[in-house]
Amino acid sequence: QIAVDGRTLRYVDDEDIDSNPAVAPAFPPANGQLLSFDGFFNDTVTAGVLFLDSTSGYVRDTIGGQAAEVLVDGGGPRFPPTDSGNPLTGGGGLTKNEVTSILSSALEIASRARGQIRRPGGSSMRVNISIVDLDGDVLGFARSPDAPIFGGDVSLQKARTAVFFSQTNAATNLINAALPDDATRARPLGDYVNDVRDFLGDSTALANGIAFSDRAGGNLSRPFFPDGINGKPNGPLSRPFAQWSPFSTGLQLDASFNNLTDILAGINHDTCTSSPTLDTVKNGFQIFPGSVPIYRGSVLIGAIGVSGDGVDQDDMVALLAVDTAATTSGTGFNNAPLAIRADNISVGGGHLRYVSCPPTPFIGSDVQNVCAGK
């Protein structure tokens, strides 16, 4: 688990555990029967489809000249670069060309960066990239070839979480969220607003327009604060450690509690979160780093989320993609102004982090501090 200069130390060098798909055993007879689960599985084992055939949901494409894979539905792209239609931005939302530029920059930066969880060591990272507007609607999605499949959903969670917490109505939307069906297992979401304000000593927190990255929000979502120091109090968006588990982290679960229990009971929903006031984060909150909000001047207009080969690398790609595309486009969007970023918040003798970029992140280069001043 020890990372050194963007790579992880090996524990064993043993290939005997490698599997060979060519001689994989047939699906074994079960001591029982397969059960259908409405909306998920119809009790029939079927053959898969060839990945990158349109029936798989992904096809090859290019975004701004960069090799990419995109989601399709019935042969057409599901989330091509598009103009923001959110009226709250007063016509100043991201344009199709700006979304294309940010996606292209993210793909290019990732292609030069060293992947943290990829083998062999020294391989370039592969990422999923989602860009959203203030409503959490997808303005564009693309992924590097061979990026982790799970990262599609995670990158979208990250972007939506950043744009949710950076808006001045974040507190109101949490306070007005639907109450949990079982108050013994989930908390009213307004309680988390009170906890954040008490923890930070700021009665305006989550309503004052501070720019929150997922790194900053994640700092507040750990069972110990600072993260990793046993015996410290929990962050205000987390459950206390005695009640915490990877499946019950705090706000992240409680925001989806009602819908999750409904789904387990066979009642399907179109969203993960359990209240219309949380539609911006309709596929759930994310507490892993890898997202930043996007501004035009001092006005919030959207966010980017990145999920791929290491959370520090995800942070870097998100921040640098916006900065690079902003310089190239020259149309006035950029990262959040330094003065309103969450790393200005002092708590417990330190500050929240905004991003944490890896040292010497690029293959064949010894350049460091690549995120400084961005």
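Look up: the structure comes first, before these words.
As a convention, each chain's residues are numbered from 1 in the sequence order in which they are written. The predicted origin of the model limits local features to residues at a pLDDT of at least 70 and limits the giving and counting of side-chain atom pairs to 80 or more, whereas totals for whole chains, interfaces and linings rest on all residues. Computation of side-chain values covers all heavy atoms of the structure but excludes hydrogens and water.

Moving on, we come to the overall build of the protein chain. Helices and strands together make up the secondary structure of the protein chain, namely eight helices and 12 strands. The quantity called the radius of gyration is restricted to C-alpha atoms. Its globule counterpart is 2.2 Å times the number of residues to the power 0.38. Taken over the C-alpha trace, the protein chain has a radius of gyration of 21 Å; the compact-globule value for 374 residues is 21 Å, and the two agree within 12%. Along the longest, intermediate and shortest principal axes, the C-alpha atoms of the protein chain span 60 × 50 × 45 Å. Contact definition: two residues touch when any of their heavy atoms are within 4.5 Å. The long-range share in the protein chain, meaning contacts at least 24 apart out of those at least 6 apart in sequence, stands at 62%. Working note: accessible area of the protein chain is about 18,400 Å², and carbon and sulfur atoms make up 53% of it. By the counting rule applied here, Lys and Arg register as positive and Asp and Glu as negative, while His and the ends of each chain are not counted. We put the charge of a Lys on NZ, of an Arg on CZ, of an Asp on CG and of a Glu on CD. Side chains of the protein chain give 25 positive and 39 negative charges; the mean places of these two sets differ by 5 Å. Only DSSP runs of H or I covering at least 4 residues are called helices, and only runs of E covering at least 2 are called strands; the numbering of each starts at the N terminus. Using a 1.4 Å probe, accessible areas were evaluated by the Shrake-Rupley method; residue-level cover was limited to the displayed protein chains.

The next subject is the packing of aromatic side chains. Here the distance between the centres and the angle between the planes together describe a pair of aromatic rings. The aromatic pairing rule takes the rings of Phe, Tyr and Trp, using the six-membered ring of Trp, and pairs them if the centres are within 6.5 Å, calling planes under 30 degrees apart stacked, those over 60 edge-to-face and the rest tilted. Tallied over the full model, the rule gives eight aromatic pairs. When the ring of F164 is compared with that of F285, the centres are 5.2 Å apart and the planes differ by 85°; the resulting orientation is edge-to-face. Remark: F285 occurs in the loop between α7 (257-264) and β8 (291-296) and F164 occurs in helix α2 (residues 151-166); sequence separation between them is 121 residues. F285 gets classed as buried once you look at its relative accessible area, which sits at 3%. Working definition: with a 1.4 Å probe on protein chains only, accessible area under 20% of the residue-type maximum means buried, over 50% means exposed, and in between means partly exposed.

Rolling a probe over the atoms, with the probe sized like a water molecule, indicates the empty space that remains. Both site types are read off a 1 Å grid over the protein atoms alone. A 1.4 Å probe that fits but cannot get out defines a cavity, while an open set with protein on both sides within 12 Å along at least five of seven lines defines a pocket; lining residues have an atom within 4 Å of a point. Grid points are joined across faces, edges and corners, and a volume is the space filled by probe spheres set on the points. Scanning the entire structure with this criterion turns up two cavities of 30 Å³ or more. Counted as a void, the largest cavity has a volume near 90 Å³. Every residue lining the largest cavity is counted, 14 residues in all, and those nearest its centre are F165, S221, L237, Q286 and I287. Every element with two or more residues in the lining of the largest cavity is listed here: α2, α5 (214-219) and α6 (251-254). In this structure, the second largest cavity spans a volume of roughly 70 Å³. Every residue lining the second largest cavity is counted, 13 residues in all, and those nearest its centre are A178, P180, L189, D254 and S274.

Time to look at the state of the cysteines. We call a pair of cysteine sulfur atoms a disulfide whenever their separation is within 2.5 Å. Within this structure, the stated rule accounts for one disulfide. At a sulfur-sulfur separation of 1.9 Å, the disulfide partner of C357 is C371. Its S-S torsion of about -85° marks the bond between C357 and C371 as left-handed, since a negative value means left-handed. Taken together, the positions of C357 in the segment after β12 (350-351) and C371 in the segment after β12 put the pair 14 residues apart, joining distant regions of the chain. Look at C357 and you get partly exposed, because its relative accessible area is 23%. Since its relative accessible area comes to 11%, C371 is described here as buried.

Bringing the nonpolar core into the picture now. One recurring pattern in soluble globular proteins is that nonpolar side chains are buried together. What is meant by a nonpolar core is a set of buried Ala, Val, Leu, Ile, Met, Phe, Trp, Tyr and Cys residues, joined one to another through side-chain atoms within 4.5 Å. One finds L94, I102, I304, M316 and F333 to be the most contacted residues of the largest nonpolar core, which totals 56 residues. With residues near it in sequence (within four places) discarded, I102 still touches L94, I131, I294, I304, A321, V322, A325 and F333. Ranked by size, the runner-up nonpolar core spans 28 residues in total, among them Y192, V193, F212 and A255.

Turning our eyes to something else, we now look at the pattern of salt bridges. Criterion for a salt bridge: a side-chain nitrogen of Lys or Arg within 4 Å of a carboxyl oxygen of Asp or Glu. Following the criterion strictly, the structure yields 14 salt bridges and no others. One salt bridge in this structure joins D227 and R222, with 3.3 Å as the shortest N-O distance. A residue is classified by how much of its surface remains accessible, and D227, at 52% relative accessible area, is exposed. Each of R118, D146 and D309 takes part in a single network of salt bridges with overlapping partners.

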